[in-house]
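The lines below spell out each chain.
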Amino acid sequence: MPQLNPAPWFSIMVMTWLTLALLIQPKLLNFTTTNPPSDKPPLATKPTPWAWPWT
Amino acid sequence: MNLSFFDQFSSPSLLGIPLILLSLLFPALLFPSPGNRWVNSRLSTIQLWLLHLITKQLMIPLNKNGHKWALMLTSLMVMLLTINLLGLLPYTFTPTTQLSMNMALAFPLWLATLLTGLRNKPSASLAHLLPEGTPTPLIPALILIETTSLLIRPLALGVRLTANLTAGHLLIQLISTASVALAPILPAVSILTMAILLLLTILEVAVAMIQAYVFVLLLSLYLQENI
């Protein structure tokens, strides 16, 4: 069975991990999901008062 | 030289350059990074939907710590799915038929789940070696059995994927050879064989997707026990 030939084992192992870690993972990180659409909240949010003066 | 049916699985190389690198690099080309827009291309939208589905399904049974594994498991799933499905095209090489690749993926990831469990909650993770409700006289035997089953997990993970894909490709080659060989002699039987080949190819598409899913699912199960 040619899969049991140990000659290319190391290079295949290294190439697999390099592809997974350096190619596919960064690509998948660029797939950002957006929030699902929701209705507007029924009440407007209260403005929080702040302690310092206007000027 | 005369080729045997197994020679389709020997890692191809041309002038010393391993061509398996091409088969490994190609799946990344099929997932173009979506641009920085609100609405992307249709391909990116579909792929985003699929990735979201996969990640959601994998993360549901995991606790908050397990969500750190989201990228690893999702990228593994995407890579295995794409490689398996691309291997069903004619004249392509399937890297996942190589035991080296599957063991390279299975062994470190399984070991990572095991070491995570032993490091963060050692008693709980060792407690998995004895199922609840075991009768007392059976305890030593069962601990040995459970330890063996634990240690054989990476081997099983790797060999399961290798064997399923190798067997599938081998069957496809055998039946298509039979169909071609029978064509001048018994054309009707040859056409029946081609019908069987069609059904087998549909089965292999299913197997390709299921085996990728099973690999990642089992890893997530091993992670659930240990995180």
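What counts and how
Residues numbered from 1 in each chain as written. Chains lettered and ligands numbered in written order. Predicted model: local features only at pLDDT ≥ 70, side-chain atom pairs only at ≥ 80, totals over all residues. Heavy atoms only, no water. UniProt positions renumbered as here; feature names shortened; annotations may be inferred. Helix = DSSP H or I, 4+ residues; strand = E, 2+ residues; numbered from the N terminus. Core = buried A, V, L, I, M, F, W, Y, C linked by side-chain atoms within 4.5 Å. Buried < 20%, exposed > 50% of the residue type's maximum accessible area, 1.4 Å probe, protein only. Contact = heavy atoms within 4.5 Å. Buried area = accessible area lost by both parts, 1.4 Å probe. Salt bridge = Lys/Arg side-chain N within 4 Å of Asp/Glu carboxyl O. Polar contact = N/O pair within 3.5 Å; in protein donor to acceptor, adjacent residues only side chain to side chain. Nonpolar A, V, L, I, M, F, W, Y, C, P; charged D, E, K, R; others polar. Axes fitted to C-alpha atoms, helices over the stretch in contact; angles between N-to-C directions. Parallel < 35°, antiparallel > 145°, perpendicular 65-115°, else oblique. Left-handed = near helix turned anticlockwise from the far one by under 90°.

You'll find chain B entered in an unreviewed UniProt entry as ATP synthase subunit a, with Cairina moschata given as the organism. Database annotation for chain B, UniProt heading Sequence similarities (unreviewed entry): "Belongs to the ATPase A chain family." Under the heading Catalytic activity (unreviewed entry), UniProt records this for chain B: "H(+)(in) = H(+)(out)".

Per an unreviewed UniProt entry, chain A goes by the name ATP synthase complex subunit 8 and belongs to Cairina moschata. Taken from UniProt, the Sequence similarities (unreviewed entry) comment for chain A reads in full: "Belongs to the ATPase protein 8 family."

Moving on: unusual backbone geometry. Residues and elements named next belong to chain B. The backbone phi angle of leucine 15 is positive, close to 55 degrees, even though this residue is not glycine. With respect to the helices and strands, leucine 15 occurs in the loop between β1 (13–14) and β2 (17–18). Positive phi values are uncommon outside glycine, yet tyrosine 91 reaches one of about 65 degrees. If you trace the backbone, tyrosine 91 turns up in the loop between α3 (70–86) and α4 (99–120).

We now examine the nonpolar core. If you look at the biggest cluster of nonpolar residues, it comprises 45 residues, and the most contacted ones within it are B:Leu73, B:Leu76, B:Leu105 and B:Phe215. Within the residue set of this core, elements represented by two or more residues are α1 (9–29) of chain A together with α1 (20–29), α2 (42–59), α3, α4, α7 (153–182) and α8 (187–226) of chain B. When residues of this core are assigned to their parent elements, the largest contribution, 10 residues, is made by α3(B). Not counting the four nearest positions on each side in its chain, B:Leu73 is found in contact with B:Leu58, B:Met59, B:Leu62, B:Val216, B:Leu219, B:Ser220 and B:Leu223.

So, on to the UniProt feature "transmembrane region" (unreviewed entry) in chain A. According to UniProt, the "transmembrane region" (unreviewed entry) feature falls on residues 6–24 of chain A. Its end C-alpha atoms 26 Å apart, residues 6–24 of chain A is made of 84% helix and 0% strand.

Let us now look at the UniProt feature "transmembrane region" (unreviewed entry) in chain B. Residues and elements named next belong to chain B. Mapped onto this numbering, the UniProt entry gives "transmembrane region" (unreviewed entry) at residues 12–31, 69–89, 101–118, 138–159, 171–199 and 205–223. Helix makes up 100% of residues 101–118 and strand 0%, with an end-to-end C-alpha separation of 26 Å. Along residues 138–159 one finds 91% helix and 0% strand; the C-alpha atoms at either end are 30 Å apart.

Before going further, it helps to spend a moment on the interface of chain A and chain B. Facing 24 residues of chain A, the contacting portion of chain B comprises 38 residues. Surface buried jointly by chain A and chain B totals about 2900 Å² across both partners, of which 81% is contributed by carbon and sulfur atoms. Counting across the chain A and chain B interface gives 0 salt bridges. Scanning the region where chain A abuts chain B turns up 6 residue pairs in polar contact (both at pLDDT 80 or more). When its residues are assigned to classes, the side of chain A that touches chain B shows 15 nonpolar, 8 polar and 1 charged.

With that settled, consider the packing of α1(B) against α3(B). All names here are of chain B. Here α1 crosses α3 at 115 degrees, and the two axes come no closer than 9 Å. In terms of their interaxial angle, α1 and α3 are classed as roughly perpendicular. In this structure, the crossing between α1 and α3 has a hand that is right-handed. Together, Leu24, Phe26 and Pro27 of α1 and Thr82, Ile83 and Leu86 of α3 make up the contact between the two elements. For the contact of α1 with α3, the per-class residue count stands at 5 nonpolar, 1 polar and no charged.

A word on the environment of B:Pro131. Residue and element names in this part refer to chain B. When you line up the elements, proline 131 lands in the loop between α5 (122–127) and α6 (139–151). C-alpha separation for the pair proline 131 and isoleucine 143, spaced 12 residues apart in sequence, amounts to 8.8 Å. Among all residues touching proline 131, those that are not within four sequence positions of it are Leu142 and Glu146.

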